[in-house]
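# Observations on the model geometry
Chain by chain, the residues run as shown.
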Amino acid sequence: MTLIPTDLSASRISDAVRDPNREIAASSRVIDLSVGIVVCIPCFRRPQHLRLTLDSLVNQRTPRSFAVVMVENDAAKRESAPVAAEFLADGRLQGICLVEQRQGNCQAINAAFETAQALFPAATRFLMIDDDEIASSDWLELMVRTAEATGADVVGGPVLPVFDDDSKPWLSRHPAFCPAYDYTGAVPLIYGCGNCLITRAAFDRLESPAFDLRFNFLGGGDCDFFVRCRDAGMVFHWTAEAVITETVPQSRTSSGWIAKRGLRIGAINYRVQYKAARGVTARVRVFAQMLGRLPLSLLRGARLLPTSKVVVAMHPVMVAFGAALAAFGFDPKPYEASKIVSG
């Protein structure tokens with residue numbers, strides 16, 4: 001174990017954060033450089049919920065030592081940094097909080113993973129949780145144990161919604177909120193990084209930055225990253241018991257927001273597929289498949305309508321139209337700062 005008092009290791013931390021657009025906002029009094037596990041947490045304007053997220057990490061039931069790297073992505077207001085500093089200063093968690101001045105989803109995630117790899121050279125497993133999520137008490141242990149037992153390059157787990165508006169329990173089954181899998185085992189792909197473990201070896205096999213900045217404000221940089229992992233022959237595993245819950249505010253349960261979410265999913269799907277296509281023929285095929293899904297989505301929606309809520313039946317239609325809009329150059333940008341409110 002290599003313990004360093006952080007007041008004597010400013011140069012060590014500075015070496016890990018060489019990017020001039022990043023700065024250290026807070027660090028724990030002592031950092032164990034020998035930890036093998038780092039939890040990364042991108043933060044943006046949710047200081048009250050970040051406290052719940054960090055409490056859930058403090059209360060993990062595991063004998064394993066781990067560190068945290070938090071990234072404040074609002075360089076102007078820095079609402080998350082004081083909460084992060086509190087947990088680091090009193091020793092409840094060890095690690096650092098840095099500020100990434102360049103705003104955007106991919107910028108924040110890249111800052112977290114890159115800093116974690118540089119600052120903790122012995123770490124081989126990097127987990128991620130968002131600042132609107134709460135980890136179940138055995139989350140970290142289950143994720144790491146799965147990686148050890150299976151040798152998977154990437155481990156995923158479910159993110160279950162907890163709605164502030166409890167009048168729509170059926171929304172938990174909506175495709176926009178439902179986890180990709182309901183079983184534990186090998187899977188072909190995971191789609192989001194809100195509950196994931198990625199090995200250092202996986203990062204080493206792909207180019208940098210890991211999360212493509214072309215998805216910075218659209219979202220989907222995680223989906224693109226995992227598709228590239230799959231195409232490189234990496235192994236995925238799903239651990240259904242490693243549950244994270246996501247707090248869903250009432251503003252995200254309106255029909256309008258859910259429709260826009262469908263459009264964004266469609267845009268992400270198209271952008272990821274188009275990027276992964278190799279050559280003109282493959283890209284023409286992606287475009288043709290997009291056109292073919294438009295009438296099929298109408299049929300699918302019509303079949304769902306008799307047994308589902310309208311907002312559920314409309315989902316395949318919105319996804320298909322989102323892909324079509326992306327094909328003709330329109331992309332929503334929900335991760336622009338002007339479109340995100342404090343929480």
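Conventions adopted
- Residues numbered from 1 in each chain as written.
- Predicted model: local features only at pLDDT ≥ 70, side-chain atom pairs only at ≥ 80, totals over all residues.
- Heavy atoms only, no water.
- Patch = residues over 30% accessible without salt bridge, like charges linked within 9 Å, V, L, I, M, F, W, Y side chains within 5 Å.
- Areas by Shrake-Rupley, 256 points an atom, 1.4 Å probe, with all protein chains shown as cover.
- Salt bridge = Lys/Arg side-chain N within 4 Å of Asp/Glu carboxyl O.
- Helix = DSSP H or I, 4+ residues; strand = E, 2+ residues; numbered from the N terminus.
- Buried < 20%, exposed > 50% of the residue type's maximum accessible area, 1.4 Å probe, protein only.
- Pairing = 2+ DSSP bridges.
- Axes fitted to C-alpha atoms, helices over the stretch in contact; angles between N-to-C directions.
- Contact = heavy atoms within 4.5 Å.
- Domains from an automatic or database assignment.
- Buried area = accessible area lost by both parts, 1.4 Å probe.
- Phe/Tyr/Trp six-rings, centres within 6.5 Å; stacked < 30°, edge-to-face > 60°.
- Lys NZ or Arg CZ within 6 Å of the ring centre and 35° of its normal.
- Disulfide = S-S within 2.5 Å.
- Core = buried A, V, L, I, M, F, W, Y, C linked by side-chain atoms within 4.5 Å.

With an unreviewed UniProt entry as reference, the protein is termed Glycosyl transferase family A, source organism Bradyrhizobium betae.

### Quick look at a nonpolar patch on the surface
A contiguous nonpolar patch, built from Leu305, Val310 and Met314 and spanning about 260 Å² of accessible area, is present on the exposed surface. Mapped onto the secondary structure, Met314 falls in the loop between α10 (310-313) and α11 (315-327). For Met314, a relative accessible area of 36% translates into the label partly exposed.

### Quick notes on the sheet that holds strand β6 (residues 95-100)
In spatial order, the strands read β2-β6-β5-β4-β7-β12-β9-β13-β11; together these nine strands make up an open sheet with mixed pairing. Two strands close off the open sheet at either side, each with one partner strand: β2 (22-27) and β11 (185-187). Across the sheet, the axes of successive neighbouring strands diverge by a mean angle of 25°, strand direction being ignored. Relative to β6, strand β5 (residues 67-72) runs parallel, the two sharing five bridges. Looking at the pairing, Met70 lines up with Cys97 of β6. Lying on the sheet, helix α5 (residues 139-150) is in contact with β4 (37-43), β7 (125-129), β9 (154-156), β12 (195-199) and β13 (236-238); it crosses β7 at an angle near 140°.

### Some points on the domain arrangement of the protein
As far as domains go, the protein holds domain 1 (6-252) and domain 2 (255-332). Inter-centroid distance (C-alpha atoms) of domain 1 to domain 2 is 28 Å. Each side of the interface is counted separately: domain 1 has 20 residues, and domain 2 has 16 residues. For the domain 1 face of the interface with domain 2, the top three residues by lost area are Trp170, His174 and Leu218, together amounting to 38%. Across the domain 1-domain 2 interface, the total number found is two salt bridges.

### Topic: the packing of aromatic side chains
Enumeration over the complete set of coordinates arrives at 13 aromatic pairs. Ring centres of Tyr270 and Tyr274 lie 5.7 Å apart, and the angle between their planes is 25°; on these two criteria the pair is classed as stacked. Of this pair, Tyr270 and Tyr274 are both found in helix α8 (residues 255-276), four residues apart, which corresponds to roughly one turn of the helix. Overall, Tyr270 belongs to the buried group, its relative accessible area being 4%. A connected cluster of aromatic rings, assembled from ring pairs, spans Phe113, Phe126, Phe203, Phe211, Phe225, Phe226 and Phe236. Looking at Arg92, its charged tip hangs above the ring of Phe87, at a distance of 3.8 Å from the centre.

### Considering the state of the cysteines
Summed over all chains, the structure comprises zero disulfides. For Cys229, which is in no disulfide, the shortest distance to another cysteine sulfur is to Cys196 and amounts to 9.7 Å.

### Points about the environment of Trp170
With respect to the helices, strands and loops of the structure, Trp170 is situated in the loop between β10 (159-163) and β11. As for Trp170 and Gly156, which are separated by 14 residues in sequence, their C-alpha atoms are 24 Å apart. The residues contacting Trp170, other than those within four sequence positions of it, are Lys309, Val311 and Val312.

### Let's talk about the nonpolar core
Note on soluble globular proteins: their nonpolar side chains tend to be buried together. In this structure, Phe113, Phe120, Phe225 and Phe226 are the most contacted members of the largest nonpolar core, which totals 61 residues. Examining the composition of this core, we find that eight residues originate from one element, helix α4 (residues 105-119), more than from any other. Shared between two domains, this core takes at least three residues from each, and those domains are domain 1 (6-252) and domain 2 (255-332). Ignoring sequence-local partners within four residues, the contact set of Phe120 consists of Ile31, Asp32, Leu33, Val35, Val38, Ala67, Val69, Gly95 and Arg200. By size, the runner-up hydrophobic cluster in this structure holds 32 residues, among which are Ile41, Val68, Leu93 and Cys97.

### Things to note about the sheet that holds strand β8 (residues 133-135)
Working definition: the strands of a sheet are paired by backbone hydrogen bonds and lie parallel or antiparallel to each other. Here three strands make up an open sheet; going across it, the order is β8-β14-β10 and the pairing mixed. Strands with a single pairing partner mark the edges of an open sheet, and in this sheet they are β8 and β10. This sheet shows a mean twist of 30° between the axes of neighbouring strands, independent of strand direction. Relative to strand β14 (residues 244-248), β8 runs antiparallel, the two being bridged by three bridges. When the bridges of β14 are listed, Ile134 appears paired with Thr245. Strand contacts of helix α2 (residues 47-58): β8 and β14, with the helix running at about 15° to β8, the strand carrying the most contacts.

### Here we look at the pattern of salt bridges
Taken as a whole and assessed by the stated rule, the structure comprises 21 salt bridges. Its salt-bridge partner being Glu100, residue Arg22 comes within 2.7 Å of it at the nearest N-O pair. Pair noted here: Arg22 is in strand β2 and Glu100 is in strand β6, with a separation of 78 residues, a long-range link. In this structure Arg22 comes out as buried when scored by relative accessible area, which is 12%.

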